[in-house]
Each structure stands twice: as structure tokens, then as C-alpha cells.
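Summary of structural features
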Amino acid sequence: MRPRILRTALAALTASLAAAGCLTAAAPATAAQERPPRNACSPAVSLTGFTDALDKTTYDGTYVGNLSALAPGRRGSLAALSDRSELFRLDARTLEPRGVVTLADEKGAALDSEGLVADRDGTYLVTSETEPSVRRYSRTGELLGRLPVPDDLRTAPAGRARANGSFEGLTLLPGGRTLLASMEYPLDGDPADLVRLQTWQRTRHGDFRPGARYTYRTDPGLGVSEVTATPDGRLLVLERGFTSGVGNTVRLQLADRPGRGTALHKRLLADLADCPSLGATAQQPQPNPLLDNFEGMAVTGRSGGRLEVSIVSDDNQNAVQTTRFLRLRVRA
């Protein structure tokens, strides 16, 4: 059974997010005339709400945390993936858990599950950093198959990827034919700011085969914690880092559409340290108490010409970290 406090907190959250979401779209205007968005993080990004309602809670005996990826699901649901192999189905509006399944590899072992795509047939594509790998699962968590991964992307010593630094993000480009996984950190021998993005192309039989590879330059000291396609095929990229005694750095970037050259260029949409805190608190030093270890991101809709984007943090089941959801409006 879900604890009463979770139901109460989620009810309060629904009301607060409804209030926060009452932004009306302005009439078309020039850049000089356009008013800054309410709760602006930057001219392109505003914060419409946050919630810690799921922090340190359980559902059906399962810890609701360690969340590393999000994906819009069917019938008003939002899929949330834990890096401890738990796949949660949440109500997209209230975030109340509605179901959970446990994933496993071919031998029944747990995954270091980091990236998630809800495919058009209702199945899920899930990355694991261990090998790394991309596997397909049914809605009920049954393992259906595994995608081929180029040898040099495998974790050392089999390949050039560093342990706990490979497939961190996963997204399906518009049209559903191209799947893209982002490495978190550079391969051995690559420059310190260069990460690889690997694609797969869907065949006429519905499976995927390795496709083009791209490079992306991160800001100094940061890794790629998530990548999500926009409706026009560009990429929202979440760059993240942590400095002991200082806290997290989290920046939202907009990158090129894959296919227009192998090196993807980017522009900064917002440094989340510049967002209003809206009363958020932190249990450890942070440049902004709103910040935490943000790892999951999904485009969940559009409003007034802007994208609705949800971001979630991985609390690592740690007392000084928080499972926190942010809701942003992004002009991409």
C-alpha cells in the first residue's frame, strides 16, 4: 500500500502544479517586445514547478528513487527508470506511481539502467552502462532482444569506454527510424571534452542496426547525463557535473539535428543554477538549492509555442540527495 503521506503530498502537488502552469501564451512579438517568461531561468527557459513528493518513498514494496531516465508513455503516463533495474509507470499529471516492473539481463542479473525509450509498439528500449548494452523489454518487463553495440564502445578492457561512463542517454528521433545513445564521458584516448553519440537505424523488419556516429563537445568538467530529441529532430542535451563542497552544475543545451555533419554544435539554453529556487531546499551545498543530480529528461508536450520538459534527479538512495522533478518550458 502507498503511504498516506504520499497521497497527501501528491494531492498538494497537483494543486500547486496547476497553479504554476497557469501561464498564458503571449501574442506573437519581436524579440525586443517579448516579455521575459515568468520564473525565468534564461530568456529561453522558465521553471513552471518542482516537486519532491516521491523522495524517499516506496511503492508496492519498491523504493521510488535512483531515477535516471524518463519517457512519455501511453494514456497519460510517464515512464521512470531506476538505475537499479526498476521501471515505474507514473501518472503524468500527478506523478503518482501506478505500476512497477523489474528488469534483468539474459542471466537474470540486475542492470545499471540509465537510458529509456518508450517505442511506438508499447515496448521499451533500455540502456545499461555495465557492458554497455541496449535491450528491448515488453510492457511487463520480459526481455525481448538486444541491439548490437560497436566493439570500441564497450567498457574497458573489451573496448575504450570507461566504467560507469558509457550509455547514459537514449532517444528516438522523430519518425521513429533512428535511435540514438549518448556516452556520458569520452572514450579512452579521446579529448577530455568529446563524447560519442551512437545511432541505430530501424530496418523494415523492425529491428535496429548500427548507424552513423557523432561527436559532441561538453563544457569543461561536465558529462552528458541525458539526451532527448525535440519534435523537429534537434537534441536537448543535459550536461552535469559535481564538485565536492560546491555542488552540482547542470546545463541544458540545444544541439544540431543528427545527420548534418558528424560534429554536433550546441548552444546554451539555460544553466539551471540561474533558475528561481521557488522555495526548494538542499541537504548538501549547492550553488542553487533547486539543484541536485539531474539525470532524466523527457519532452512531455507543447504549450504556447514552447516545449514542456520534465527533468528528474537520481538521489542515489542517499540521505543528502533528493528525488526531485522539475517542469520547464523551453523555447528551442
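The next subject is the pairing of strand E13 (residues 178–183). For E13, the buried fraction is high: six of the six residues fall into the buried class. Bridging between strand E12 (residues 167–172) and E13 involves five bridges; their strand directions are antiparallel. Bridged to Leu172 within E13 is Leu179. In this antiparallel pair of consecutive strands, E12 and E13, the connection spans five residues, and Gly175 shows a positive phi of 100°. Sheet topology places E13 next to strand E14 (residues 194–202); five bridges connect them, and they run antiparallel. Each bridged residue has a counterpart across the sheet, and for Leu179 the counterpart in E14 is Trp200.

Counting buried positions along strand E16 (residues 223–229) gives seven out of seven residues, so the element sits mostly inside the fold. Examined bridge by bridge, E16 and strand E17 (residues 235–243) share six bridges and lie antiparallel to one another. In the sheet register, Ala229 faces E17, and the bridge partner there is Leu235. Hairpin connection of E16 to E17: five residues between the antiparallel strands, including Gly233 at a positive phi of 95°.

Before going further, it helps to examine the sheet that holds strand E15 (residues 208–217). Ordered in space as E12-E13-E14-E15-E19, the five strands form an open sheet in which the pairing is mixed. Both outer strands of the open sheet, E12 and strand E19 (263–264), are each paired with one neighbouring strand and no more. Summarising the sheet, E15 and E19 pair through two bridges and their orientation is parallel. Bridge assignment links Thr215 to a residue of E19, and that residue is Ala263.

Tallied over the full model, the rule gives one disulfide. Here Cys41 is linked by a disulfide to Cys275, with a sulfur-sulfur distance of 2.0 Å. For the disulfide bridge between Cys41 and Cys275, the dihedral angle about the S-S bond is near 105°, and by the sign convention the bridge is right-handed. You can see Cys41 sitting in the loop between helix H1 (4–20) and strand E1 (45–51) and its partner Cys275 sitting in the loop between strand E20 (266–271) and strand E21 (294–303), a full 234 residues away along the chain. Across the pair, exposure class does not vary: Cys41 and Cys275 are buried alike.

Moving on: the environment of Val320. Among the structural elements, Val320 can be located in the loop between strand E22 (306–313) and strand E23 (325–330). With relative accessibility at 33%, the residue Val320 sits in the partly exposed group. In the structure, Val320 is positioned 28 residues away from Asp292 in sequence and 9.7 Å away in space, judged by C-alpha atoms. Beyond its immediate stretch of four places on either side in the chain, Val320 contacts Gln283 and Gln284.

So, on to the nonpolar core. In summary, soluble globular proteins display a tendency toward joint burial of nonpolar side chains. Grouped together as the largest cluster of nonpolar side chains are 26 residues, with contacts concentrated most on Val45, Leu252, Leu272, Val309, Ile311 and Leu328. Elements that contribute at least two residues to this core include exactly E1, E17, strand E18 (247–255), E20, E21, E22 and E23. Contact partners of Ile311, with chain neighbours within four places excluded, come to Leu70, Leu238, Leu272, Phe294, Gly296, Met297, Arg324, Phe325, Leu326 and Leu328.

Of all residues in the protein, 89% have pLDDT values of 70 or greater, and the mean over the chain is 91. Note on residues 1–33: pLDDT under 50 across the span, and 39 contacts to partners over four residues away in sequence or across chains.

Parameters and conventions
Residue numbers run consecutively from 1 along every chain, following the written order of its sequence. Totals for whole chains, interfaces and linings use every residue, but because this is a predicted model, local features are given only for residues with pLDDT of at least 70 and side-chain atom pairs only at 80 or more, for both listing and counting. Hydrogens and water are ignored here; the side-chain numbers use all heavy atoms of the structure. Throughout this description, buried means an accessible area under 20% of the type-specific maximum (1.4 Å probe, protein chains only), exposed means over 50%, and partly exposed covers the range between. Helix and strand assignments come from DSSP, with helices taken as H or I runs of at least 4 residues and strands as E runs of at least 2, each series counted from the N terminus. Following DSSP output, two strands are said to pair if at least two bridges run between them. Any cysteine sulfur atom paired with another within 2.5 Å is treated as part of a disulfide. In this analysis, two residues are considered to be in contact whenever any of their non-hydrogen atoms come within 4.5 Å of each other. Among buried residues, the Ala, Val, Leu, Ile, Met, Phe, Trp, Tyr and Cys ones that are joined through side-chain atoms within 4.5 Å form a nonpolar core. You can read pLDDT as the predictor saying how much it trusts each residue, on a scale of 0 to 100.

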